[in-house]
Amino acid sequence: MTAQFKYVAGHVEVYSAAGEFLFSADTMQEAWEDYRDEVSA
């Protein structure tokens, strides 16, 4: 799965390759860790 990480209003939003919103996080590190957990589940 490929994701897009976007900074929006002080947080990071994560979207699928198709542009579907997946989740948001406070930092890029948190977003990456959550994304990695999501992919390995």
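So, a few notes on the structure that sits alongside this text.

Rules used in this analysis
Residues numbered from 1 in each chain as written. Predicted model: local features only at pLDDT ≥ 70, side-chain atom pairs only at ≥ 80, totals over all residues. Heavy atoms only, no water. Buried < 20%, exposed > 50% of the residue type's maximum accessible area, 1.4 Å probe, protein only. Helix = DSSP H or I, 4+ residues; strand = E, 2+ residues; numbered from the N terminus. Pairing = 2+ DSSP bridges. Patch = residues over 30% accessible without salt bridge, like charges linked within 9 Å, V, L, I, M, F, W, Y side chains within 5 Å. Areas by Shrake-Rupley, 256 points an atom, 1.4 Å probe, with all protein chains shown as cover. Salt bridge = Lys/Arg side-chain N within 4 Å of Asp/Glu carboxyl O. Lys, Arg positive; Asp, Glu negative; His and termini not counted. Charge placed at Lys NZ, Arg CZ, Asp CG, Glu CD. Axes fitted to C-alpha atoms, helices over the stretch in contact; angles between N-to-C directions. Contact = heavy atoms within 4.5 Å. Phe/Tyr/Trp six-rings, centres within 6.5 Å; stacked < 30°, edge-to-face > 60°. Lys NZ or Arg CZ within 6 Å of the ring centre and 35° of its normal.

Comments concerning the pairing of strand 2 (residues 11–16)
- In terms of burial, strand 2 is a largely internal element, five of the six residues being buried.
- Sheet topology note: the strand 1 (residues 3–8)/strand 2 ladder contains six bridges and is antiparallel. The residue bridging Phe5 from the neighbouring strand is Val14, located in strand 2.
- Here strand 1 hands over to strand 2 after two residues, with Ala9 in that stretch at a positive phi of 50°.
- Pairing between strand 2 and strand 3 (residues 21–25): four bridges, direction antiparallel. Across the sheet, residue Tyr15 finds its bridge partner in strand 3, namely Phe21.

A few points about a negative patch on the surface
- Together, Glu33, Asp34, Asp37 and Glu38 line one region of the surface with negative charge.
- Considering the arrangement of structural elements, one finds Glu38 in helix 1 (residues 28–40).

Concerning the sheet that holds strand 1
- Read from one edge of the open sheet, three strands run 1-2-3, paired in antiparallel fashion. Two strands bound the open sheet, and with one partner strand each, they are strand 1 and strand 3. Within the sheet, the average angular offset between the axes of one strand and its neighbour, ignoring direction, is 25°.
- Contacts from helix 1 reach strand 1, strand 2 and strand 3, with the element oriented near 155° to strand 1.

Things to note about the packing of aromatic side chains
- Counted under the stated rule, the structure contains four aromatic pairs.
- Ring geometry for Tyr15 and Phe21: centres 5.6 Å apart, planes at 75°, overall edge-to-face.
- On the basis of an interplanar angle of 35° and a centroid distance of 5.7 Å, the ring pair of Trp32 and Tyr35 is categorised as tilted. Of this pair, Trp32 and Tyr35 both sit in helix 1, separated by three residues, roughly a single helical turn.
- Since its relative accessible area comes to 7%, Tyr35 is described here as buried.
- Put simply, the rings of Phe5, Trp32 and Tyr35 pair up and form one aromatic cluster.
- A cation sits over an aromatic face here: Lys6 above Tyr15, 4.8 Å from the ring centre.

All we've got here are geometric facts, nothing functional implied.
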